[in-house]
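Breakdown of the fold
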Amino acid sequence: MAKRDFYEILGINRDASEEDIKKAYRKLAMKHHPDRNPDNPKAEEQFKEAKEAYEILSDAQKRAAYDQYGHAGVDPQAGMGGGAGMGGFADAFSDIFGDIFGGGGQRGGRSSVYRGADLRYNLEVSLEEAARGTETRIRIPTMAECETCSGSGAKKGTEPKTCPTCAGHGQVRMQQGFFSIQQTCPKCHGTGRYIADPCGTCHGAGRVKQHKTLSVKIPPGVDEGDRIRLSGEGEPGVNGGPPGDLYVQIHLKAHAVFQRDHDDLHCEMPVSYATAALGGEIEIPTLDGVAKLKIPAETQTGKVFRLRGKGIKGVRSSSRGDLLCHVVLETPVNLTDRQKELLEEFEQISQGNAQRHSPRAQSWLDRVKDFFSS
């Protein structure tokens, strides 16, 4: 029985690209695979037919010979036809389905190269340091190349050997029926080599834990949660890969006076009973020194005074924020007898005309009466 045309088998044109050939074969392989058609012997023949067509047309040299001489140009005795054997099919099948089964890693014993991991360092800074900027030094743990074995991981005087499991390819192939799956070698983890006599210093890792000191510049205006990137100061890469980065994350220490809200600062300002009633002038702290603030007479607790430009200029801000001072009326404590007498006298006088001297209290009492009477 004459063989069918390979292009006809795959259902593609003669000028089909390599990607078209692969897609067509993948579709047929999925459709006619014997495991999917256990009771259909014809499906197995169609699967083998599609496999042979793919083996020829996916190889540039074999395809050229087939295009010029037909089936005679890829005669099995010449090692180019269907007699190519399961080895060629296994490679083709692995190339197509490697993305599904996790195979298809690097071949030929070439170790995988990976970028080092990024690291994070939490740095606490004071409010003043965050506002003005500073430079500090941090000490971080790191993995460095082992000096004893020069990073090879092998005992001095020895060197890593070719992995006997994968013969140095870094990949092993598992085959079951027509399926061939390529996976990373479990013994050498894809490196193609294993260490018979590990280094006594790094125990075969090729790296040892050390500490290094770095200088970190804190720009003026940094805020809680901001990150400063130190390029290349993260973990070293694997097999010659580039190192990762170190991210210094800013955390603000609690301040005794101020609370920060983006570029603004807030503070509580205790005011005495007499100053709030009669008015006066008090001194308040700012990041630039002491400032004087006039308190008008009859100032109530909770009143907020805003000092423009006395806050912080953020990293991404064009101007400084404000300082907001919250008045907290301080009730006097540890009163002397004389102070008590004066306050009692003051209270008696005030009660004589509560509407005038305590309008808020009188208004609240009126609302309470209305509530209970309704």
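In this report, we go over the structure that sits alongside the text. Note that the coordinates shown come from a computational prediction; the quantities given were computed from them, not determined experimentally.

**Structural notes on unusual backbone geometry**
- You will see that His262, though not glycine, has its phi angle at about 60 degrees, which is positive.
- Note on His262: relative accessible area 58%, which makes it exposed.
- In this model, Asn334 sits at a positive phi of 55 degrees, which is unusual for a non-glycine residue.
- Here Asn334 lies in the loop between β15 (323-330) and α8 (337-351).

**Some details on the packing of aromatic side chains**
- Going through the model one piece at a time under the given rule, you end up with two aromatic pairs.
- Sitting above the plane of the Tyr247 ring, Arg227 keeps its charged end 4.2 Å from the centroid.
- Its guanidinium or amino end placed over the ring of Phe305, Lys303 lies 5.8 Å from that ring's centre, counting from NZ or CZ.

**Quick word on the sheet that holds strand β1 (residues 119-125)**
- Strand order in this open sheet of three strands is β1-β9-β8, and the pairing throughout is mixed. Two strands close off the open sheet at either side, each with one partner strand: β1 and β8 (227-230). Ignoring which end each strand starts from, the neighbouring axes of this sheet average 25 degrees apart.
- Inspection of the sheet shows β8 paired to strand β9 (residues 246-252) by four bridges, in the antiparallel sense. Looking at the pairing, Arg229 lines up with Tyr247 of β9.

The rules behind these values
Residues numbered from 1 in each chain as written. Predicted model: local features only at pLDDT ≥ 70, side-chain atom pairs only at ≥ 80, totals over all residues. Heavy atoms only, no water. Buried < 20%, exposed > 50% of the residue type's maximum accessible area, 1.4 Å probe, protein only. Helix = DSSP H or I, 4+ residues; strand = E, 2+ residues; numbered from the N terminus. Phe/Tyr/Trp six-rings, centres within 6.5 Å; stacked < 30°, edge-to-face > 60°. Lys NZ or Arg CZ within 6 Å of the ring centre and 35° of its normal. Pairing = 2+ DSSP bridges. Axes fitted to C-alpha atoms, helices over the stretch in contact; angles between N-to-C directions.

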